[in-house]
Amino acid sequence: MAGIVPEQWSAAENGNGNVTTKGSSRELRHGRTAHNMSSSSLRKKSDIRIIQKVPYKGLKDFLANLQEVILGTKLAILFPAIPAAIIGTYCGFSQPLIFGLSLLGLTPLAERVSFLTEQLAFYTGPTLGGLLNATCGNATELIIAILALTNNKVAVVKYSLLGSILSNLLLVLGTSLFCGGIANLRREQRFDRKQADVNFFLLLMGLLCHLLPMLFGYVASGETSAALVSDMSLNLSRASSIVMLIAYIAYLVFQLWTHRQLFDAQDEEDEYDDNVADEETPVIGFWSGFAWLVGMTLVIALLSEYVVATIEDASESWNLSVSFISIILLPIVGNAAEHAGAIIFAFKNKLDISLGVALGSATQIGLFVVPLTVIVSWILGINMDLNFNLLETGSLALSIIITAFTLQDGTSHYMKGLVLLLCYIIIAICFFIDKLPQKQPNAIHLGHQPMNNVVTGSGGVFSS
Amino acid sequence: MGTIVEPWAMAENGYANANETIKGSSRELRHGRTAHNLSSSSLRKKSDLRLIQKIPCKTLKNILSNLQEVILGTKLTFLFLAIPLAILANSHHYGRSLIFGLSLIGLTPLAERVSFLTEQLAFYTGPTVGGLLNATCGNATELIIAILALANNKVGVVKYSLLGSILSNLLLVLGSSLFCGGIANIRREQRFDRKQADVNFFLLLMGLLCHLLPLLIKYAMIGKSSTSQINKMSLNLSRISSIIMLIAYIAYLIFQLWTHRQLFEAQEEDDDDAYDDEVTVEETPVIGFWSGFAWLIGMTLVIALLSEYAVDTIEEASDLWGLSVSFISIVLLPIVGNAAEHAGAIIFAFKNKLDISLGVALGSATQISLFVVPLTVIVAWIMGIKMDLNFNILETSSLAFAIIIIAFTLQDGTSHYMKGMVLLLCYVIIAACFYVDQTPQKQPKNNLGGVLSA
C-alpha cells in the first residue's frame, strides 16, 4: 500500500480537531495528493446519530471513535476474518484456511492504516505527515517482508516485493486505464507526463540495482569460486540498497519540498467538493489515531505471521506454486484498496490520480521497501541480495519498459490499459505453470544460499 | 501486409460498373483511405481499355478487361512469367535451387495482386468486413508459407520466416522509406502523427514479452528440472500466450475499425494534383465481386503452390547457394513477401507522406507479430506439432533491439534521413549476423539447443 504525501491545510495546522470548512476554497483543496483522494473513495460517512443518544460523554466519544475507525469503510465486512483467523490458529483449523482468512483480514486493515495515517497527518504537519504516509502506506508489504525474513524465507520476500511492483505497474494501472478508457470512450484522456516520468527513471534505477548482481552470476563462470561470487553479489546489493535509500530520500525532498507543484492533484470542479469536504478535517483525535495505528499495525503483524507460516501448506493444498502465491495473490490483497480507488478515479477521467497511486506505489516499493528489507536482513545476519533471478528480473524489466513507452505521450485510451492488463496475465500464467518442486528454505545453510542460483545460471525457484 | 480499407459511400451502393471516373478532390471521398490502400495503389497502373473496347462480343470483352485489370494491372506483371516456369521446372525436375528462385520471384506479384483484390472486394463488403478481409489476406503469403512449413514439420523455418517478416517491416521497409524520404525532402521538415505509431509499439512490446518469457524459462530452469518438463512448460505458456495475443489483436481491430477510427485515417492532403490522379483510379471497384472473389481464391491457391515449392526446396537451395537456412528464411523470404508494400512505402515517403509509410510498415509488423505468429502456434497445436514462442536468444534479442531502436527513433514525431539510415544499417547488421551463422542445421524434431530448435 503506498502513500504519497498529504499536505496540510492552514486551518488544520492550527491543531483544531473539529474545524469544518465547506466550500471549494482553492487553498483547502490545494495539496490533496493522489493517494488521499484514492483511498477516500472507499470511505463512507459515519452515521453519528445513534451514538448521540448515549448519555455518557466518554462512552459516546469512544463509540464515535470506534464507529469511525471500524465501520468507516466499505471493506468493513471483511473485518470478521481477523478474529476468525486468530481463532483458527488456536483451534487448529487447516493451514490453508488460516492462510485464506489471514489474507482476507489483511485487506481492510491495509486500508484502515492508510486512513489513520491520513488523519494523523492533519496534526503532524506536511513533512512529517508525508513521511508517515510514505512509511506506513506500505506497512503491509514491509511487515510481510520482515516476518518472512525472520523465518528465513528469502524467496517469499523477493517474490512478494517483486509481485507488488508488477501488480502496481501492470495490474492496477492496466485496469484503471482500461476502465477509464471504456467509460470515457468519446473523450480525450490526458495526464501530466512529468509526474509519471519521475517515477520511471527511479524505477529504472531500481532495475539497474537488480540487474547488476544478477549479471555477476553469469559473468563469473568457473574462474571464480561460487562463494566469492555470492559474496560480491551480496556486498554490491547492500551498497546498492544504501544508494537506493539515498535516492528515495532525495525523491521525498523533491516531492515534498522543492518541486511540490508537480505533484499536486489537479484542481477539479464541483463534484469534487463532496468527497473533499468530508476529509478536510480529522475525525478522530491525535492520540486515539496514534493508538489505533499502533494497534492495527500489531494486528497486521499477527496476520502476516500466520500468512508467512502457512504459505507452503496453502501452496501444496491449493496446488499453486509458492512463487505464484507470493507474486500474484499477496500483492492483490495488499493493494486492493488502492486498486479500487485508482479505477474509480480513472472512471471520472482523473488520470493523474490513478497514475500517481499506481506509479507512486511501485516507486516506493522499488526504492524504499526493497532496500530497507536488504538492510534489515543485513542487521539480522541473513544473506539476502538484490538478485531476483532471471525470469523475475526479465519480467520486471519488460514491465517497466512497456509501461514507460505506453505512457510517454501523455494520453490514454482503453487499448493501453488492455495491453498492460494482458501483459500482467501473461506474466501471472508464466509463474502459474512454474510447478517445480520447491526446496524447503529452512533446511539450507545460510552460507550456501545464493550459490545454487548463481552457478547454475539461476532459476525461477529461489534455493534460499 | 494490410491495415483496414474503408469504402466510400458511393461504392457501398454496390456499383459494379468499373467505368466511373470521379475527378476532383472531394474530401469525403478521400476520407477513409488508410495507409495500406494508398501504398499498394502506387504500384498499379491504369488499365488501357481502348484495345478491348474494339472487341464486338460483350462477354469476351468483359473477360478480357477483367483479365487485363487483374493480370496486367501492375508494374510487377513481368514477374508473373516466373509462375509457369516454376511449375514447369518442378514437373521436369530441374535444379531444386532453380525452383526455389523461380518460386520466390513468382510470389512477388502474387502478393501484390492479392492485396489489390482484397481492396476491390472491400468496396462491396463494407468497411468492417473489408477491414477484416484486408487484415487477414494482406498477410496471406507469410501465413501460407508458415502453415506449409509447419505441415512439413520445419518449425525452424516457420519461426525464422515470421521473425524475418517482423524485422523486415520494422527495419528494412521503415528504414529505406525514411532514408529515401529524408533525402528527397532534405529541406523540409518531416512530421508524422505519433499516436498511430505508439499503438503499434506497445502491441509489439507485448508480443516481445510473449517471446521473452518462454526464452527466460528455458534459461532459468537449466539444471533444475528435466528438459522435457521445461519444454512442456514453455509450450503451455506459449499456447496460452497465443490465445491472449489473439485477444489483443481482436481488441486492436475493434480499436482501429470502430472506436478510435479517427486516429488511423490517412492524412488529408491539400491540393496535390498529382495525388488526385492516383486516387481517382482507385475510388471505384474495377472488377465485379464474384470475379474478384474467384481471382482471390485462385491466386491464393497459386501462392500455396509456389510456397509449397519454396518450403520443399529451401534446404537444397541453401546448400547450393552457400547460405544458411536461417539467412534465407529471415532475409530473403520476407523481402519477397513484402516487395510490393516496400515499394509503396518508399514512394509515399518521397512525397513526404510519412504517416502512410509508417502505417504500412508498423501495421504489418503488428499484424504479423500479434496475428500470424499466434495463429501459427494455434494451428501447430491443432496439428499436434510442438511449436512454442521461444525464438531463441539471438533472434529474440534482435527483435527486442529492433523494437526499442525504432520506438526511440520515432518518439518525437519527426524524421530525417539519418533515422532511416540508422535503421537500414541495423537491418544490414542483423542480416550479416545471420549470414555468418553457418552452424550445421538439425532437423527440428525436438525442442532443444541448436540454431534451428523448434
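Keep in mind that this is a model prediction, so the values were computed, not measured. (Residues numbered from 1 in each chain as written. Chains lettered and ligands numbered in written order. Predicted model: local features only at pLDDT ≥ 70, side-chain atom pairs only at ≥ 80, totals over all residues. Heavy atoms only, no water.)

**Notes on the overall build of chain A**
The following threshold applies: By the criteria applied, helices consist of DSSP H or I runs no shorter than four residues and strands consist of E runs no shorter than two, each listed in order from the N terminus. Relative accessibility thresholds used throughout: buried, under 20% of the residue-type maximum; exposed, over 50%; partly exposed, between the two (1.4 Å probe, protein chains only). The contact definition used throughout considers only heavy atoms, calling two residues in contact when any of these lie within 4.5 Å. The protein chains shown are the only cover counted for residues, whose accessible areas, like all others here, come from Shrake-Rupley with a 1.4 Å probe.
Looking only at helices and strands, chain A has 20 helices and two strands in total. Considering chain A as a whole, with its 464 residues, one finds that 61% of them fall into the buried category. Within chain A, residue pairs in contact and separated by at least 24 positions form 86% of the contacts whose partners lie at least 6 positions apart. Accessible surface, chain A: about 17200 Å² in total, of which carbon and sulfur atoms supply 66%.

**Thoughts on helix H15 (residues 286-318) of chain A**
To keep things clear, this is the line we draw: Bend, in this description, refers to the angle at a residue between axes fitted to the seven residues ending there and the seven starting there.
Roughly 50 degrees is the biggest bend found in H15 of chain A, and it falls at Thr310 of chain A. In the stretch just after H15 of chain A, Asn319 of chain A is the one whose phi turns positive, near 60 degrees.

**Describing the UniProt feature "domain: Sodium/calcium exchanger membrane region" (unreviewed entry) in chain B**
Operational definition: UniProt positions are given in the numbering used here, feature names are shortened, and annotations may be inferred rather than shown by experiment.
When the UniProt feature table is mapped to this numbering, "domain: Sodium/calcium exchanger membrane region" (unreviewed entry) covers residues 98-258 and 292-435 of chain B. Along residues 292-435 of chain B, the helical share is 85% and the strand share 1%, with 40 Å between the first and last C-alpha atoms.

**So, the packing of aromatic side chains**
Basically, it comes down to this: For Phe, Tyr and Trp, rings pair up if their centres lie within 6.5 Å, where Trp contributes its six-membered ring, and each pair is then called stacked (planes under 30 degrees apart), edge-to-face (over 60) or tilted (otherwise). Distance and angle both matter: a charge sits over a ring if NZ of Lys or CZ of Arg is within 6 Å of the ring centre and within 35 degrees of the ring normal.
According to the stated counting rule, one finds 18 aromatic pairs over all chains in the structure shown. With a centroid separation of 6.4 Å and 65 degrees between ring planes, the pair formed by Phe178 of chain A and Tyr414 of chain A is classed as edge-to-face. On the criterion of sequence distance, the pair formed by Phe178 of chain A in helix H10 (residues 154-183) and Tyr414 of chain A in helix H19 (residues 414-432) is long-range, its members being 236 residues apart. Each ring, one from Phe286 of chain A and one from Trp287 of chain A, has its centre 4.9 Å from the other, and the planes form 80 degrees; the classification is edge-to-face. Here the aromatic cluster, defined as three or more aromatic residues joined through ring pairs, consists of Phe178 and Tyr414 of chain A together with Phe255 of chain B. Here Lys348 of chain A stacks its cationic end above the ring of Phe345 of chain A, 5.3 Å away from the centre of that ring. It is Lys218 of chain B that lies over the ring of Tyr219 of chain B; its NZ or CZ is 5.6 Å from the centre.

**Concerning the side chain of Gln364 of chain A**
Keep this limit in mind: N or O atoms within 3.5 Å of each other form a polar contact, as long as, within protein, one can give a hydrogen and the other can take it, and as long as residues adjacent in sequence are counted only when both atoms are side-chain atoms.
Here Gln364 of chain A lies in helix H17 (residues 351-380). Only 3.3 Å separates the side chain of Gln364 of chain A from the side chain of Tyr248 of chain A, close enough to count as a polar contact.

**Description of the pattern of salt bridges**
Where charged atoms from two side chains of opposite charge approach closely, those side chains can pair. Residues and elements named next belong to chain B. Keep this limit in mind: In what follows, salt bridge is the name for a side-chain nitrogen of Lys or Arg lying within 4 Å of a carboxyl oxygen of Asp or Glu.
For the structure shown, the criterion picks out nine salt bridges over all chains. Across the pair Glu316 and Arg96 runs a salt bridge, and its minimum N-O distance is 3.5 Å. One end of the pair, Glu316, is in helix H14 (residues 289-321); the other, Arg96, is in helix H7 (residues 96-125), and 220 residues separate them in sequence. A relative accessible area of 33% places Glu316 in the partly exposed class. Take Arg96: its relative accessible area is 34%, and that puts it in the partly exposed class.

**Quick word on the environment of Val299 of chain A**
Residue and element names in this part refer to chain A. As for its placement among the helices and strands, Val299 is situated in helix H15. Put simply, Val299 and Leu109 are 190 residues apart on the chain and 8.2 Å apart in space, counted from C-alpha to C-alpha. Apart from residues lying up to four places away in sequence, Val299 is in contact with Ile82 and Leu109.

**Things to note about the state of the cysteines**
Threshold: Pairs of cysteine sulfur atoms within 2.5 Å are what we label disulfides.
Inspection of the entire model under this criterion finds zero disulfides over all chains. Cys210 of chain B supplies the cysteine sulfur nearest to Cys430 of chain A, a cysteine that is in no disulfide, at a spacing of 11 Å. Take Cys430 of chain A: its relative accessible area is 1%, and that puts it in the buried class.

**Some remarks on the nonpolar core**
Short version of the rule: In this text, buried Ala, Val, Leu, Ile, Met, Phe, Trp, Tyr and Cys residues form a nonpolar core when linked through side-chain atoms within 4.5 Å.
One finds Met415 of chain A together with Leu170 and Leu171 of chain B to be the most contacted residues of the largest nonpolar core, which totals 237 residues. With 16 residues, the top contributor of residues to this core is helix H11 (residues 194-220) of chain B. Here Met415 of chain A is in contact with Phe202, Leu203, Ala248, Ala251, Tyr252 and Phe255 of chain B, once residues within four sequence places are set aside.

**Observations concerning unusual backbone geometry**
For residues other than glycine, phi is negative in most cases, and the peptide bonds are mostly trans. Positioned with a positive phi, Asn152 of chain A is a non-glycine residue whose angle comes to about 65 degrees. Here Asn152 of chain A is to be found in the loop between helix H9 (139-150) and H10. Even without being glycine, Asn153 of chain B reaches a positive phi, approximately 60 degrees. With respect to the helices and strands, Asn153 of chain B occurs in the loop between helix H9 (140-151) and helix H10 (155-184).

**Brief notes about the packing of helix H11 (residues 193-219) of chain A against helix H18 (residues 390-406) of chain A**
Residue and element names in this part refer to chain A. Selection criterion: Axis angles are defined between N-to-C directions and span 0 to 180 degrees, where every axis is a line fitted to C-alpha atoms and, for a helix, only to the segment in contact. Under this scheme an angle from 65 to 115 degrees is roughly perpendicular, one under 35 degrees roughly parallel, and one over 145 degrees roughly antiparallel; angles in between are oblique. With the far helix as reference, a near helix turned anticlockwise by less than a right angle produces a left-handed crossing, and one turned clockwise produces a right-handed crossing.
Between H11 and H18, the least distance of the axes is 10 Å, while the angle of their chain directions is 155 degrees. With respect to H18, the axis of H11 lies roughly antiparallel. When you trace H11 past H18, the crossing you get is left-handed. When H11 is examined against H18, the residues Phe200, Leu203, Leu204, Leu207, His210, Leu211, Met214 and Tyr218 are found in contact with a partner set consisting of Leu390, Thr393, Leu396, Ala397, Ile400, Thr403 and Ala404.

**Observations concerning the UniProt feature "domain: Sodium/calcium exchanger membrane region" (unreviewed entry) in chain A**
Under the local residue numbering, the UniProt record ascribes the feature "domain: Sodium/calcium exchanger membrane region" (unreviewed entry) to residues 96-257 and 289-431 of chain A. With 85% helix and 1% strand, the stretch residues 289-431 of chain A has end C-alpha atoms that lie 40 Å from each other.

**Some thoughts on the interface of chain A and chain B**
Where we set the bar: A quick way to say it: buried area is the sum, across both parts, of accessible area lost when two parts are put together, with a 1.4 Å probe.
With 38 residues of chain A at the interface, the matching set in chain B holds 37 residues. Between chain A and chain B lies a buried interface of about 3500 Å² when both sides are counted; carbon and sulfur atoms form 79% of it. Joining chain A to chain B, the criterion identifies zero salt bridges. Between chain A and chain B we count one residue pair in polar contact (both at pLDDT 80 or more) in total. Elements with a contribution of two residues or more to the side of chain A that touches chain B: H18 and H19 of chain A.

**A short note on the packing of H18 of chain A against H11 of chain B**
Note the following rule: For this scheme, ten residues count as nonpolar: Ala, Val, Leu, Ile, Met, Phe, Trp, Tyr, Cys and Pro. Four count as charged, namely Asp, Glu, Lys and Arg, and the remainder, Gly too, count as polar.
Packing of H18 of chain A against H11 of chain B leaves a shortest axis separation of 9 Å and a crossing angle of 175 degrees. The pairing of H18 of chain A with H11 of chain B is recorded here as roughly antiparallel in orientation. Of H11 of chain B, the residues touching H18 of chain A (which contributes Leu390, Leu391, Gly394, Ser395, Leu398, Ile401, Ile402, Phe405 and Thr406 of chain A) are Phe202, Leu205, Met206, Leu208, Leu209, Leu212, Leu213, Leu216, Ile217, Tyr219 and Ala220 of chain B. Counted by class, the contact of H18 of chain A with H11 of chain B contains 17 nonpolar, three polar and no charged residues.

**Regarding the environment of Val199 of chain B**
Position of Val199 of chain B relative to the elements: it lies in helix H11. On a C-alpha basis, the gap between Val199 of chain B and Tyr219 of chain B in space is 31 Å, while along the polypeptide they are 20 residues apart.

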